[in-house]
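Fold and contact review
Each chain, letter by letter, is given below.
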2 protein chains.
Amino acid sequence: MKKAGACDLKTCFLCQFSIPEWIAAVSDHKQHLFYKKNEVIFQEGNPVEGIFFLYEGKVKVHKQWGSDKDLIVRFAQKGDILGHRGLGSGERLYTVSATALEDTTVCYTDMAFFEASLKVNPTLTLKLMQFYADELQEAERKMRNLVHMDVKSRLADALLEISRLHNDTLFTISRQDLASFAGTTYETIYRNLQEFIQEKLIAVDGKSIRILNEKKLRKYVLSCPGLD
Amino acid sequence: MKKAGACDLKTCFLCQFSIPEWIAAVSDHKQHLFYKKNEVIFQEGNPVEGIFFLYEGKVKVHKQWGSDKDLIVRFAQKGDILGHRGLGSGERLYTVSATALEDTTVCYTDMAFFEASLKVNPTLTLKLMQFYADELQEAERKMRNLVHMDVKSRLADALLEISRLHNDTLFTISRQDLASFAGTTYETIYRNLQEFIQEKLIAVDGKSIRILNEKKLRKYVLSCPGLD
DNA sequence: GTTTTAATATGATTTAGATCATATTTTTGT
DNA sequence: ACAAAAATATGATCTAAATCATATTAAAAC
């Protein structure tokens, strides 16, 4: 991690929903930080120190299991918040890790200042609350998928989600991360990707994946009597 | 559902964190509702109409899958909020169902009034936000458990969680609900309960379960290199 | 109070997907 | 540029847990 100067005071969640009078204070407390690819931004189990707003780059938010297993709960990108789970009422430890998937710039403020900001800016609190509501819904949807959908459908869902995130049918991701995101193993992902390739729903070249037939892919997700 | 008069204006989340001047307005908008055992309080997919505060009884919050499968994402009890997922930015549809597990009294207000309350009472918003943060952490923890723990460990976790909720080592729950909560099938729960009985970690009499050896049960949950 | 319906009990069978094993290719650190 | 580490490829094997099948019992409904 390297410090990377001040921020523009208008892009991030904190600046966007703070009252104009508060921006000066924000300016004093915020700083840009730079993380290079694969660098850990914060680690599950460590004390919560601050909150991060993603400016540039992509980050995976994941829970680790032992030394070699992992579950990616979310991918974050420009505009997203990281470290907000630390605001709960429990122990102040990060319950997830965040790792940069590419070179990443974040805007950072310590938790004390962020909490002061919440007190001063009701709109900020309200927006953050809505953000949580959305994340919770998504987490519960994924929980249900893990229990009731087979791996192929979950992989289809994961591919569509990642594509949506990149706002592009072409994107790059490691099989390992794909496995951790779909809640399965590398080998199973490998095999199911092969099947999707055969069925001409996707095309793969190295680490990059292109979605060729979104409609059919979506059918896999919906093929079950569930709603969505 | 039956209407059941006015509320005491101090027990629920909404009253507790609203400024005194707002309580009169709350009084005009809140009402007690009564649901009997197995009655549906709200249903996944239906438009969000309001928010509920549990006064008495126990409720399961669940996502359905087809007509016969189910995942219980949470049990709610006295003091808990229901229907808050409706505050997200997406479509205003309930993303979960809520069903009374016993005769239940809730305090209800329509969403428009609750949202007005949030605007007027920053503390309320802040507390709700914290509540969400906790729920999100728990949801993600369960996600990880579903992916990385075997059924027996998840059952142990479920039993401990339900016991904690009841604040008692003795509680009553159907095998089916236990299965839906642990993310597995009735048969698998049945078998694993047998094993726990054999190991003298629990005792079962009809639908009631007593935890005999919390420590060993907890070991099952922690037996893996994960943290918690 | 009897008919339906739902929950429980339990063995037998099947299968999706994890694990293991090993070779090859790609990345990354120095 | 080269060694070490990580990611990928792919077949073979194993197993936890789902599914199926069928009694039995308990709870609701009429």
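For chain A, an unreviewed UniProt entry supplies the name Crp/Fnr family transcriptional regulator and the organism Chitinophaga hostae.

Take helix H4 (residues 122-148) of chain B next. An ideal rise of 1.5 Å per residue puts 39 Å on 27 residues; H4 of chain B measures up with 39 Å between its terminal C-alpha atoms. For H4 of chain B, the buried fraction is high: 20 of the 27 residues fall into the buried class.

Considering the arrangement of structural elements, one finds Tyr-186 of chain A in helix H7 (residues 186-198). Each C-alpha atom of the pair Tyr-186 of chain A and Lys-10 of chain A lies 41 Å from the other, and the pair is 176 residues apart in sequence.

This part is about the side chain of Asp-157 of chain B. Residues and elements named next belong to chain B. With respect to the helices and strands, Asp-157 occurs in helix H5 (residues 151-166). Reaching out from Asp-157, the side chain makes a polar contact with the side chain of Arg-141 at a distance of 3.1 Å. Residue contacts for Asp-157: discarding those within four places in its chain leaves Arg-141, Asn-145, Met-149 and Val-221.

Residues and elements named next belong to chain A. Counted residue by residue, helix H6 (residues 175-182) has seven buried out of eight residues, so it is predominantly covered. Buried residues of H6: Arg-175, Asp-177, Leu-178, Ala-179, Ser-180, Phe-181 and Ala-182, and no others. In the stretch just after H6, Gly-183 is the one whose phi turns positive, near 75°.

Another aspect to go through is the packing of helix H3 (residues 111-120) of chain A against helix H4 (residues 122-148) of chain A. Residue and element names in this part refer to chain A. Where H3 meets H4, the closest approach of the two axes is 5 Å, and the angle between their N-to-C directions is 105°. In terms of orientation, H3 lies roughly perpendicular with respect to H4. Contact residues: Phe-114, Ser-117, Leu-118 and Val-120 in H3; Pro-122, Leu-124, Thr-125 and Leu-128 in H4. Across the contact of H3 with H4, the residue classes break down as six nonpolar, two polar and no charged.

The subject of this paragraph is the UniProt feature "domain: HTH crp-type" (unreviewed entry) in chain A. Here, UniProt's "domain: HTH crp-type" (unreviewed entry) annotation points to residues 149-215 of chain A. Regarding residues 149-215 of chain A, the helix share stands at 58% and the strand share at 16%, and the terminal C-alpha atoms are separated by 18 Å.

Here the focus is the sheet that holds strand S12 (residues 208-211) of chain B. All names here are of chain B. In space, the three strands of this open sheet follow the order S10-S12-S11, with antiparallel pairing throughout. Each edge of the open sheet is held by one strand with a lone partner, namely strand S10 (170-172) and strand S11 (202-205). Strand after strand, the sheet turns through a mean of 20° between neighbouring axes, direction not considered. As paired elements, S10 and S12 share three bridges and run antiparallel to each other. Note that in S12 the partner of Phe-171 across the bridge is Ile-209.

Reading guide: rules and limits
- Residues numbered from 1 in each chain as written.
- Chains lettered and ligands numbered in written order.
- Predicted model: local features only at pLDDT ≥ 70, side-chain atom pairs only at ≥ 80, totals over all residues.
- Heavy atoms only, no water.
- Helix = DSSP H or I, 4+ residues; strand = E, 2+ residues; numbered from the N terminus.
- Expected span 1.5 Å × (residues − 1).
- Buried < 20%, exposed > 50% of the residue type's maximum accessible area, 1.4 Å probe, protein only.
- Polar contact = N/O pair within 3.5 Å; in protein donor to acceptor, adjacent residues only side chain to side chain.
- Contact = heavy atoms within 4.5 Å.
- Axes fitted to C-alpha atoms, helices over the stretch in contact; angles between N-to-C directions.
- Parallel < 35°, antiparallel > 145°, perpendicular 65-115°, else oblique.
- Nonpolar A, V, L, I, M, F, W, Y, C, P; charged D, E, K, R; others polar.
- UniProt positions renumbered as here; feature names shortened; annotations may be inferred.
- Pairing = 2+ DSSP bridges.

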